[in-house]
Amino acid sequence: MKNTPTLHTEHLVLDRFTLEDVPAVRDTLYTEAVCRNLFITPNKTTEEVTENIQWLLDGYETKEDFHQWAVRENGLCVGRVMLTVSRRFHTGTVAYYLAESTWGKGYMTEILKRVIDFCFDDLGLNRVEADHFARNPASGRVMEKAGMTKEGLARQKYCKDGEFLDAVLYAIVKGDRE
């Protein structure tokens with residue numbers, strides 16, 4: 001299976017990043033609001049974004065099970081989805097973020113459902129999981145709408161900017177879909 005195949009949803013396309021995405025990524029994905037609940041520093045320079053995308057381009061060619069999608073609305077990059085696969089445990093871990101202009105449209109649920117289908121149907125995984133900062137319940141609602149089940153709270157799992165943050169874990173297993 002090639003890394004990061006193109007996936008389609010009703011409204012969006014998920015495909016590989018290109019260097020042409022640098023301006024959109026810089027201007028819409030590295031805002032204070034988007035980065036608040038991520039481990040990403042906002043307000044990145046063109047050079048920093050270019051370096052990050054070049055790392056992705058290299059990964060597409062050199063890494064196994066490397067799935068990093070650009071989310072496109074009408075051809076413009078408006079988000080990112082990352083899937084980390086553990087073949088040993090038959091598990092995928094998903095992380096994601098979208099530009100503010102797309103919030104509230106149901107896109108993330110649509111995307112997450114498609115990525116879950118990819119994990120089970122194409123990669124043959126048994127479990128897909130994701131977590132979110134407890135202070136970001138909207139992300140948990142996305143996970144629930146995508147069919148994931150809340151499994152618990154990991155207290156002070158992450159440290160962001162010197163603050164310890166709780167994380168809420170969600171997952172879906174292949175048998176949940178039957």
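It should be noted that the structure appears before, not after, this text.
Presented here is a report on the structure given in the accompanying data block.

This paragraph deals with the pattern of salt bridges. Evaluated as defined, the whole model comprises 12 salt bridges. For the salt bridge of R16 with E61, the shortest nitrogen-to-oxygen distance reads 3.3 Å. Of this pair, R16 sits in the loop between β2 (13–15) and α1 (22–29) while E61 is found in helix α3 (residues 46–62), placing the two residues 45 residues apart along the sequence. Classification of R16 by relative accessible area gives partly exposed; the value is 25%. Across the pair R177 and D117 runs a salt bridge whose closest N-O atoms are separated by 2.7 Å. Placement of the pair is R177 in the segment after β8 (163–173) and D117 in helix α4 (residues 107–122), with a sequence separation of 60 residues. The partly exposed category is assigned to R177, whose relative accessible area is 36%. One salt-bridge network, in which partners are shared between bridges, spans D15, D21 and R72.

Helices that pack against each other are described as a pair by the angle of their axes relative to one another and the distance between those axes. Packing of α1 against α3 leaves a shortest axis separation of 9 Å and a crossing angle of 115 degrees. The handedness of the crossing between α1 and α3 comes out as right-handed. Taken together, the residues of α3 that come into contact with α1 (itself represented by V22, V25 and R26) are T46, V49, T50 and I53.

Glancing now at α3. Taking 1.5 Å of rise per residue, 17 residues should cover 24 Å, and α3 covers 24 Å from first to last C-alpha, within 8% of that figure. Those residues of α3 that sit buried are V49, I53, L56, G59 and Y60. In a view along the axis of α3, the buried residues occupy a sector of 110 degrees, so they form one face of it. Turned more than 90 degrees away from the buried face of α3 sit E47, E51, E61 and T62, all of them exposed. Looking at the packing, one finds that the buried side of α3 touches α1, β3 (66–73) and β4 (76–86).

Rules used throughout
Residues numbered from 1 in each chain as written. Predicted model: local features only at pLDDT ≥ 70, side-chain atom pairs only at ≥ 80, totals over all residues. Heavy atoms only, no water. Salt bridge = Lys/Arg side-chain N within 4 Å of Asp/Glu carboxyl O. Helix = DSSP H or I, 4+ residues; strand = E, 2+ residues; numbered from the N terminus. Buried < 20%, exposed > 50% of the residue type's maximum accessible area, 1.4 Å probe, protein only. Axes fitted to C-alpha atoms, helices over the stretch in contact; angles between N-to-C directions. Left-handed = near helix turned anticlockwise from the far one by under 90°. Contact = heavy atoms within 4.5 Å. Expected span 1.5 Å × (residues − 1). Arc of directions from axis to C-beta.

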